[in-house]
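Secondary and tertiary structure notes
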Amino acid sequence: MALGYHRPPDIMATLKETCCVTGVGETAYTRGSDKSPVALQMEASLAAIADAGLSPRDIDGVIPFSTGTAVAEDFITNFGIEDLRYSVTAPMGGASCVAAIQSAAAAVAAGIATHVLLPMGRRGYSGPRAAARVAAFPQFRIVGEFEMPAGAVAPVQLYAPMARRHMALYGTTSRQFAEVAVTTREHAILNGNAVMTKPITVEDHQRSRMISDPFRLFDCSVESDGGAAVVISGAERARDMRRRPVYVMGVAEGHPDSPSAITQRPDLTVLGLAKAAPRAFRMAGVGLDDIDVAQIYDCFTYTVLCQIEDMGFCAKGEGGAFVEDGALGLGGRLPTNTHGGLLSQSHMAGMNHVVELARQLRGDGDDAQVPDAEIGLVTGYGDMGDGSIAIMRR
Amino acid sequence: MSPPADDRLLPRPTEDSRPFWDALRSHRLDLQTCADCGAVRHYPRPVCPACHSMAVAWTTASGRGAVHSWTVSHQAFHPAFEDRLPIVLATVDLEEGVRMNCRLDGVAPEEIDIGLPVEVAFEDVGEGMTLPCFRPRGVRRGGS
Ligand SMILES: [Zn+2]
């Protein structure tokens with residue numbers, strides 16, 4: 001629908017390199033936990049704050065996960081923070097964690113806060129599963145009224161028609177989805193902290209149980225328990241902190257057409273990331289060829305190849321061919337999800353992707369380190385196709 | 001915390017959507033239409049995104065459409081659907097230019113493709129609610 005709307009000028013360029021990732025932390029990722037979701041977030045947050053060389057009381061901003069279980073008050077009371085100056089949420093489901101970086105950057109650049117904590121954590125395995133969780137989200141209200149009563153209850157069922165249409169239009173195959181699953185599993189095996197540690201092949205993927213066609217079990221991410229957190233600090237302060245800063249060069253969020261119902265989207269195969277990515281790259285002042293490593297939100301295998309297209313690494317429809325032949329592996333054209341992603345490490349709504357990007361750019365990638373990784377990106381994807389992206393450098 | 005599981009299955013009409021559900025109860029598919037510019041919109045909402053008018057009308061749709069995309073679900077994710085597996089969920093292009101995401105009955109999964117002609121059917125689900133669903137066009141309603 002044409003609204004005669006004029007796009008505003010690119011006003012966010014001022015956020016370039018105004019903030020850095022200064023601390024990262026994770027709990028063990030498990031299937032089963034006796035810790036509360038709040039405790040998991042606190043444990044990951046304390047690890048990130050210690051990594052930054054800060055005291056928990058130094059945190060003066062917090063962006064709790066938008067549909068999570070901990071709120072800003074929990075961090076004030078657990079950490080004894082005297083004067084928390086900034087708290088918002090980024091209600092974009094799995095795009096929230098990276099969208100929160102944009103909000104943190106703005107808060108830091110405006111002088112509102114100095115050290116902003118981005119926590120995430122949950123018992124996704126031993127607590128309520130995705131289908132039960134999302135039904136309560138306010139952003140699922142429309143789908144709850146018009147689609148869930150028909151049986152489209154879980155994200156896998158709501159997202160499958162995007163993949164099915166992509167296959168029908170472009171000839172994308174389930175075996176190409178499998179390439180994403182197999183490569184991501186290889187990376188998880190290199191990581192000492194991953195839920196899925198058994199090698200899989202394309203044939204294993206093809207034999208895995210059909211959940212909601214075309215998505216098989218191995219196309220789906222792993223519900224798991226744990227926590228992940230990062231600290232975002234102003235660039236000036238970051239230079240004198242404990243760890244080598246990882247600079248946020250560009251960051252943006254993007255909302256797809258028809259954001260509350262995939263069904264009404266003019267093109268089912270285009271996500272909000274298609275709007276966000278050009279803005280983030282312009283802010284960063286770098287191009288696709290400059291990206292050494294990518295952490296791409298992978299709630300489903302298809303979501304990875306669709307985002308690769310939406311960012312412009314290949315044309316729409318060519319994502320299936322792009323991911324073949326180990327392109328996403330270490331030494332491949334675009335080393336992706338070097339930690340094992342949501343598909344095989346843990347479903348921490350992508351905060352584990354932010355953690356992994358910082359690790360890679362610090363050179364802390366251990367067995368999965370991309371040699372000389374200087375610039376990388378991390379994306380988020382959430383709800384009905386919301387997108388977010390951050391481009392970072394060492 | 002969360003409502004009883006079965007509560008999530010029946011639509012909860014709002015002031016904006018009630019005419020849609022009321023029409024379904026009479027086995028009629030009505031779509032929200034802008035009373036000023038005539039643009040059809042779905043799902044129901046208070047403002048016309050084309051001209052920003054809040055003047056609402058409702059027009060009865062033909063009920064005819066074509067498959068835009070689909071999924072065949074082999075897992076129910078809710079007890080209410082377990083005895084119906086596999087469920088075919090189709091995204092349908094209506095002739096009026098909007099889409100619906102509904103169960104598609106009466107077709108073998110391997111026969112579904114983009115463009116398959118379908119028509120609306122109505123399933124009374126109790127508590128005064130009727131859900132729209134679709135069948136391949138030309139297949140008579142009734143029976144199982
Ligand atoms: Zn209008």
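Residues numbered from 1 in each chain as written. Chains lettered and ligands numbered in written order. Predicted model: local features only at pLDDT ≥ 70, side-chain atom pairs only at ≥ 80, totals over all residues. Heavy atoms only, no water.

A closer look at the sheet that holds strand β10 (residues 375-382) of chain A
Residues and elements named next belong to chain A. Applied cut-off: Paired strands, in this sense, are two strands between which DSSP finds at least two bridges. Numbering goes from the N terminus for both helices and strands, where a helix is a DSSP run of H or I of at least four residues and a strand is a run of E of at least two. Contacts between residues were defined by any pair of non-hydrogen atoms, one from each residue, lying within 4.5 Å. Interaxial angle, 0 to 180 degrees, is taken between N-to-C directions of lines fitted to C-alpha atoms, where a helix line uses only the stretch in contact.
Reading across the sheet, the 9 strands line up as β3-β2-β4-β7-β1-β8-β11-β10-β9 and stay open at both edges, with mixed pairing between neighbours. Every interior strand has two partners, whereas the edge strands, β3 (86-87) and β9 (293-295), have only one. Bridging between strand β1 (residues 19-26) and strand β7 (residues 225-234) involves 7 bridges; their strand directions are antiparallel. Across the sheet, residue Val 24 finds its bridge partner in β7, namely Val 230. Contacting β8 (246-254), β10 and β11 (386-393), helix α10 (residues 273-284) runs over the sheet at an angle of about 150 degrees to β8.

Considerations on the coordination of the zinc ion
Residue and element names in this part refer to chain B. Our working definition: Donors, by definition, are the N, O and S atoms found within 2.8 Å of a metal, the threshold being 3.2 Å for Na, K and Ca, and water is not counted, so a site can look incomplete. Relative accessible area decides the class of each residue, using a 1.4 Å probe on protein chains only: under 20% of the type maximum gives buried, over 50% gives exposed, and in between gives partly exposed.
Summarising the metal site, the zinc ion is bound by the protein donors Cys 34 (SG), Cys 37 (SG), Cys 48 (SG) and Cys 51 (SG), whose distances to it range over 2.3 to 2.4 Å. Read in sequence order, the donor residues for the zinc ion give the motif C-x2-C-x10-C-x2-C. Classification of Cys 34 by relative accessible area gives buried; the value is 3%.

A few points about the pattern of salt bridges
All names here are of chain A. Rules: Any carboxyl oxygen of Asp or Glu that lies within 4 Å of a side-chain nitrogen of Lys or Arg is treated as forming a salt bridge with it.
Overall, the coordinates contain 23 salt bridges over all chains when judged by the stated rule. One salt bridge connects Arg 394 with Glu 374, and the closest N-O pair in it is separated by 3.9 Å. Of this pair, Arg 394 sits in the segment after β11 while Glu 374 is found in the loop between α14 (351-362) and β10, placing the two residues 20 residues apart along the sequence. On the accessibility criterion, Glu 374 (42% relative accessible area) is partly exposed. Look at the salt bridges and you will find they share partners, linking Asp 51, Arg 242, Arg 243, Arg 362 and Asp 364 into a network.

Some points on helix α1 (residues 37-51) of chain A
Using the following cut-off: What a helix is expected to span follows from its residue count: subtract one and scale by 1.5 Å.
Between its terminal C-alpha atoms α1 of chain A stretches 21 Å, which fits the 21 Å expected from 15 residues at 1.5 Å a residue. Contacts from the buried residues of α1 of chain A go to β1, α2 (72-79), β4 (115-123), β7 and α14 of chain A.

Digging into the packing of α1 of chain A against α2 of chain A
Residues and elements named next belong to chain A. Cut-off, in case you're wondering: By definition, turning the near helix anticlockwise from the far helix through less than a right angle yields a left-handed crossing, and turning it clockwise yields a right-handed one. Gly is put with the polar residues, along with every residue not named as nonpolar or charged; the nonpolar set is Ala, Val, Leu, Ile, Met, Phe, Trp, Tyr, Cys and Pro, and the charged set is Asp, Glu, Lys and Arg.
For the pair α1 and α2, the least separation of the axes is 12 Å and the interaxial angle reads 65 degrees. Considering how the two elements wind past one another, α1 and α2 form a crossing that is right-handed. In this structure, α1 contributes Gln 41, Met 42, Ser 45, Leu 46 and Ile 49 to the contact, and α2 contributes Asp 74, Phe 75, Asn 78 and Phe 79. Considering only residue class, the contact of α1 with α2 consists of 5 nonpolar, 3 polar and 1 charged.

Quick look at the interface of chain A and chain B
Formally: Buried surface area refers to the total accessible area, computed with a probe of radius 1.4 Å, that the two partners give up upon joining, counted for both partners together. N or O atoms closer than or at 3.5 Å make up a polar contact, with two conditions inside protein: a donor-capable atom paired with an acceptor-capable one, and, for residues adjacent in sequence, both atoms drawn from side chains.
With 37 residues of chain A at the contact, the number on the chain B side is 39 residues. Across the interface of chain A and chain B, roughly 3100 Å² is buried in total on both sides, 59% from carbon and sulfur atoms. The interface formed by chain A and chain B contains 19 residue pairs in polar contact (both at pLDDT 80 or more). Elements with a contribution of two residues or more to the side of chain A that touches chain B: α4 (130-134), α5 (141-146), α6 (155-170) and β5 (210-212) of chain A. Along the lines of polarity and charge, the residues of the side of chain A that touches chain B split into 24 nonpolar, 6 polar and 7 charged.

Quick notes on the domain arrangement of chain B
Residue and element names in this part refer to chain B. The test is simple: Note that the domain bounds reflect an automated or database-derived domain assignment.
Considered domain by domain, chain B is made up of domain 1 (14-61) and domain 2 (62-138). Between the C-alpha centres of domain 1 and domain 2 there is a distance of 21 Å. Counting residues at the interface gives 14 residues for domain 1 and 16 residues for domain 2. Considering only the side of domain 1, the residues that lose the most area to domain 2 are Trp 21, His 27 and Leu 29, jointly responsible for 39% of the buried surface there. For the pair domain 1 and domain 2, the number of links is 3 residue pairs in polar contact (both at pLDDT 80 or more). Those elements that provide at least two residues to the side of domain 1 that touches domain 2 are α1 (18-25) and β2 (40-41). Among the elements that make up the side of domain 1 that touches domain 2, the one with the highest residue count is α1 (4 residues). Across the side of domain 1 that touches domain 2, the residue classes break down as 8 nonpolar, 3 polar and 3 charged.

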